[in-house]
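Examination of the molecular architecture
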There are 2 protein chains.
Amino acid sequence: MTAVLESLVLENPTKIVLLVLDGLGDLPSPERAGQTPLEAARTPHLDRLAPHAALGRIQPVAPGITPGSGPGHLALFGYDPVETSVGRGVLEALGAGLELQQGDVAARANFCTVDASGTVTDRRAGRIASEECARLVGLLERALPRIEDVRLVLKAGKGHRFVALLRGPGLAGEVSDADPHHEGAKVPQAHALASDLAAEKTARIVNAFTAKAAEALGAERPANAVLMRGLSARPHLRGYRERFKLRAAALAAYPMYRGVAQLAGMDVLPAGETAADAFAAAAARWADHDFFFIHVKGTDMAGEDGDFDAKVRVIESVDAALPALLAAKPDVLCVTGDHSTPAPMRGHSWHPVPVLVWGRYCGADHGARFHEKAARAGSLGVLASKDLMAVLLANAGRLDKYGA
Amino acid sequence: MTAVLESLVLENPTKIVLLVLDGLGDLPSPERAGQTPLEAARTPHLDRLAPHAALGRIQPVAPGITPGSGPGHLALFGYDPVETSVGRGVLEALGAGLELQQGDVAARANFCTVDASGTVTDRRAGRIASEECARLVGLLERALPRIEDVRLVLKAGKGHRFVALLRGPGLAGEVSDADPHHEGAKVPQAHALASDLAAEKTARIVNAFTAKAAEALGAERPANAVLMRGLSARPHLRGYRERFKLRAAALAAYPMYRGVAQLAGMDVLPAGETAADAFAAAAARWADHDFFFIHVKGTDMAGEDGDFDAKVRVIESVDAALPALLAAKPDVLCVTGDHSTPAPMRGHSWHPVPVLVWGRYCGADHGARFHEKAARAGSLGVLASKDLMAVLLANAGRLDKYGA
C-alpha cells in the first residue's frame, strides 16, 4: 500500500500541520465525574474547530499494544511501526540529544558493579546519582577518546545510565549485548549477529570498550564497569520529501522527537519551550515548509505523573495559544497524540488516541467538542496511526485518484 | 483470507442483490443545514428497510485513497483492489464499450501534432472535436485494419482521445508507452518491459501502428500522429462462479461497469436506462441467477457536477423504483456505493461510503434512516469494500463455519 500511496502524491501549495500532544488520550476519571482531561479542559478554540472537523481515533501499533515514543511517532509520520525498526540504542541517543550521522552505531549503556572475579554484583551500580554518572562519563571520555579508528561519543543520562555512540568507518548494529541482563554472571563478550565484517568490527570495539572502561574505572566504587545493550545503527528511512513530496519541519522542545523527525527527513527548527513558542516559530518559517510537525510534551509528562489537573492545564495552554497557529492559515490541521498516557495509569497505554482533522473537505462531524467520547462517534472511525498521513495528504488535495 | 473464504462457500437457493449507487457517499453541505444528499432525499422505501437493516461504512481501497471506478468496483466484487491490477488501457476499453477477449491488449491513445522533425508540439492536437476524432479513427481503421497477424480495433472517444485494441495471437501488456508524456520530444519507440516474445511482438506492433498512423495522417492538420499509453492485457480474474459458487448477473447502463463485471465472470444482462428498468430486468431473470449487481450511474454524475439537488433526485428515483426489486424477494439486499463523490468536491473522494445490508439475520440496527451519519453508528462498523462480499454471503447463509 505504501508504494501505491507514494505513487499518487501530488504537489500543491497547501500547508499541513500535525500537532501532537504527547500521550493525549486518557481514561474517564471516576473522581472527575467520569471525565477525561480533554473533556475537563476549557478549550474554546478547539471547541470552535470541532464542529467543522472530522473526528476519530488512531491506533498507534495494533490493538492492545502500548507503544513507546519511537513507534508512536514513526507511525504518525506514516511509517509502519513494526516494519520500521529503530534500535533502542538509536532512540536513546536521539533522546539524549546526540546527533546521529549515517554509519553511527549507538548503544544504551550503564555503569555496574563487578566483583574481583568479574561477576556482575549490581547491574545498576547502586543507582548512582546523575552527577556521579556525569563525572564517570567524563573520566571515560578522557581515557578512551577512540578505539582503533572509531571515535567514542558518550553522553551521561539519569542515574547509572549513559549513551555510547561509535563513529567510524565500517560499523554495523547487528551486535549482541555486552550485558548479562542479570546479576551473578560475568559481562559477556559482544559478538556479531551477522556474518559481516562490519558487525565483527563493531563487536570488537564494544568488547575493547567494556574491557578498557573496566580498567579505567578500576579504582571507582561502586561503579567499576560498564554494560552495553541495544546496539543499533542509524536507520536509513526514506524521508518526507522523497515519500510525500513535502518540505517538512519539526518543532519539538525535546531531543528525542527532534531526532525521530530528523530520521523522517524533517528539518528541525528551533521550537522554544511552550506551545506558543512553537506556533510562533512555525508561523515565522511558514513559507519554507509544507508540513509542520509540532510536538507538545507536557500532556505525556502530566499523564506519567498521574496528574489530571496538570494535563488539563497543558491542554488549556495549547488551546490558548492556538489562534497564533490558526492565523497562519493551515489548509489542514490535525490534532492528536502519539499514544495515550492515562493519568490513572501513570504511563503509556494501548488505548486508541482521539484525532481531529480539520480542513475544507474533511466532512464536518458537527460534534460539539473534541475529546475521547466524541471521537468514538467521529466520521474518521478508527485508523491505524500509520494511515493518518494518507488522510492528511488527501485532505490537502495532495493525492491523485487511484486507478481509472 | 481469500482462500479461507472461498473454502467455506456453500450453495443454497438464496438471492443476493448488490445495488451500487455510484459515488453515493457525500459530505454535509453547509448550504443545506449540514445535510448530505442521502439525508435530504425523500426515501420512504429505504426508510422502511433501514430499521431492519445493518448499517456501516465501507473503505474502498485504504484510508485517504480516492479510488477510480475500476478499483472501486473490483473491491465491491470481493477482489483486493491493490493486488488485482486492471490496466488503464483495459479500463478505457471497457469504458468505451469494447468487448475484451482473452489475449487482447488495450491502449489509451490520442491524436497529437508533430512537426517536420517528428517532435511532438501538441500532445492533444489542439483538442480536436469529437467528430473530427471519429473521422480520423475511421481513416485509420480503413488504412490499418491489421499489422502482421494482429487486428486493430479502434474506438473514438471524446476530443483527441481514442482506444486501440490489438487482437491476435501471442500479445502481452508489458510494453512501455509510445508517448513522451510532454511536448518538445519525439514519440519514443515502445519496448518490451519483460524479456518475453509476446511483449516484444506487442511493442513491434505498437511501433508499426504509430509509424503507419503518422503516414496515413500525414496530410491532416493539426492531428498528424498518434500516441499510445497504458498498454495492458485483459486480466484473468477468477470469477464469481468459481470463487463464490454464484451465478452472477450484472445490470448496468454504462459500459465500463458492465466490463468490470464481465472480468469478474458475471453475465451481463440488458439493463435499460433507469433504476426502474434495471430492477424490472433483474426480476425478469430472477430464476437464472443467484447474485445481481445493479449499477446506478446518476449519483456519481450529479456529484461530479456538484449538483446536490440532482443527486437527491437520483436517490429519490431509485427509492421510488425499489418496490419492484423488493417484490422479487431478495434474501439479502445491499445498498452502497463504489466510492464517495461529494457534490462540494465535484469528484471522487477518499471518504468511506455508507452501506446498508438487509436480510433475515443482518441484526437490525433499529436506525430511523440510511445515510452517512446513521452509518457511522451502524453495527457493521467500517469494512474494507473487498470484505463486503463475505458479509453478503454470510447473510445469505452461503458460508460454512470456519473450523470446528
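Keep in mind that what you see is a predicted model, and the values were worked out from it rather than measured. (Residues numbered from 1 in each chain as written. Chains lettered and ligands numbered in written order. Predicted model: local features only at pLDDT ≥ 70, side-chain atom pairs only at ≥ 80, totals over all residues.)

**Details of the interface of chain A and chain B**
Across the contact, 20 residues belong to chain A and 27 residues belong to chain B. Those elements that provide at least two residues to the side of chain A that touches chain B are β14 (381-384) and α14 (385-395) of chain A. With 5 residues, the top contributor of residues to the side of chain A that touches chain B is α14(A). Split into classes, the residues belonging to the side of chain A that touches chain B amount to 13 nonpolar, 5 polar and 2 charged. (Contact = placed C-beta atoms within 7 Å. Helix = DSSP H or I, 4+ residues; strand = E, 2+ residues; numbered from the N terminus. Nonpolar A, V, L, I, M, F, W, Y, C, P; charged D, E, K, R; others polar.)

**Brief notes about the sheet that holds strand β2 (residues 54-59) of chain B**
Note: strands within a sheet are paired through backbone hydrogen bonds, in either parallel or antiparallel orientation. All names here are of chain B. Read from one edge to the other, the open sheet built from 8 strands follows the order β10-β9-β11-β1-β12-β13-β2-β14, with strand pairing classed as mixed. Since the sheet does not close on itself, it has two edges, and those belong to β10 (267-269) and β14 (382-384), each with one partner. Ignoring strand direction, the axes of neighbouring strands in this sheet form an average angle of 25°. Two strands pair when backbone bridges link them, and strand β1 (residues 16-21) and strand β11 (residues 291-296) are joined in this way by 6 bridges, in the parallel orientation. When the bridges of β11 are listed, L18 appears paired with F293. Packing against the sheet, helix α14 (residues 385-395) makes contact with β1, β2, β12 (332-336), β13 (353-359) and β14, and its axis sits at approximately 105° to β14. (Pairing = 2+ DSSP bridges. Axes fitted to C-alpha atoms, helices over the stretch in contact; angles between N-to-C directions.)

**Describing the sheet that holds strand β11 (residues 291-296) of chain A**
Residues and elements named next belong to chain A. Read from one edge of the open sheet, 8 strands run β10-β9-β11-β1-β12-β13-β2-β14, paired in mixed fashion. Taken across any chain shown, the strands that pair with only one partner, and hence form the sheet edges, are β10 (267-268) and β14. Pairing analysis gives 5 bridges linking strand β2 (residues 54-59) to strand β13 (residues 353-359), with the strands arranged antiparallel. Residue A54 lies in a different strand from β13, and its bridge partner there is V357.

**Some points on the domain arrangement of chain A**
Residues and elements named next belong to chain A. You can read the domains of chain A as domain 1 (2-85 + 237-395) and domain 2 (90-233). For domain 1 versus domain 2, the separation of C-alpha centres amounts to 35 Å. Tallying the contact residues gives 5 residues for domain 1 and 5 residues for domain 2. Counting residues per element, the side of domain 1 that touches domain 2 draws most heavily on helix α9 (residues 255-263), at 4 residues. Its residues assigned to classes, the side of domain 1 that touches domain 2 shows 3 nonpolar, 2 polar and no charged. (Domains from an automatic or database assignment.)

**Points about the relation of the copies chain A and chain B**
For the pair chain A and chain B, the relating rotation is 124°, the translation along its axis is 0.1 Å, and the fit reaches an RMSD of 0.2 Å. In the structure described here, the two chain copies are related by an operation that fits a three-fold rotation axis. Residue A377(A) of chain A places its C-alpha closer to the rotation axis than any other residue of that unit, at 3.8 Å. A different interface surface on each copy is seen, since only 5% of the contact residues of chain A are contact residues in chain B too. (Least-squares fit on C-alpha atoms with pLDDT ≥ 70 in both.)

**A short note on the environment of M228(A)**
All names here are of chain A. Within the secondary structure, M228 sits in strand β8 (residues 225-233). Note on M228: 26 C-beta atoms within 10 Å, which makes it buried. Here the alpha-carbon distance between M228 and F209, two residues 19 residues apart in the chain, equals 9.6 Å. Residue contacts for M228: discarding those within four places in its chain leaves A107, A109, A164, D177, A178, D179, V206 and T210. (Buried ≥ 20, exposed ≤ 12 C-beta atoms within 10 Å, placed from the backbone.)

**Focus: unusual backbone geometry**
Residues and elements named next belong to chain A. In this structure, P222 follows R221 across a cis peptide bond, with omega equal to 0°. With respect to the element layout, P222 can be found in the loop between α7 (197-216) and β8. The backbone of R346 shows a phi angle near 50°, a positive value even though the residue is not glycine. Locating R346 in the fold gives a position in the loop between β12 (332-336) and β13. With 13 C-beta atoms packed within 10 Å, R346 lands in the partly exposed category.

**Examining the confidence of the model for chain A**
Parts of the model with low pLDDT should not have their predicted coordinates read in detail. Per-residue confidence for chain A gives a mean pLDDT of 96, with 100% of residues at or over 70. As scored by the predictor, the complex reaches a pTM of 0.90 and an ipTM of 0.88. (pLDDT = per-residue confidence, 0-100.)

**Section: the pairing of β12(A)**
Residue and element names in this part refer to chain A. Counting buried positions along β12 yields 5 of 5 residues, so the element is predominantly enclosed. Of the two faces of β12, the one carrying V332, C334 and T336 and the one carrying L333 and V335 are both buried. Bridge analysis of strand β1 (residues 16-21) against β12 gives 5 bridges, and the strand direction is parallel. In the sheet register, I16 faces β12, and the bridge partner there is V332.

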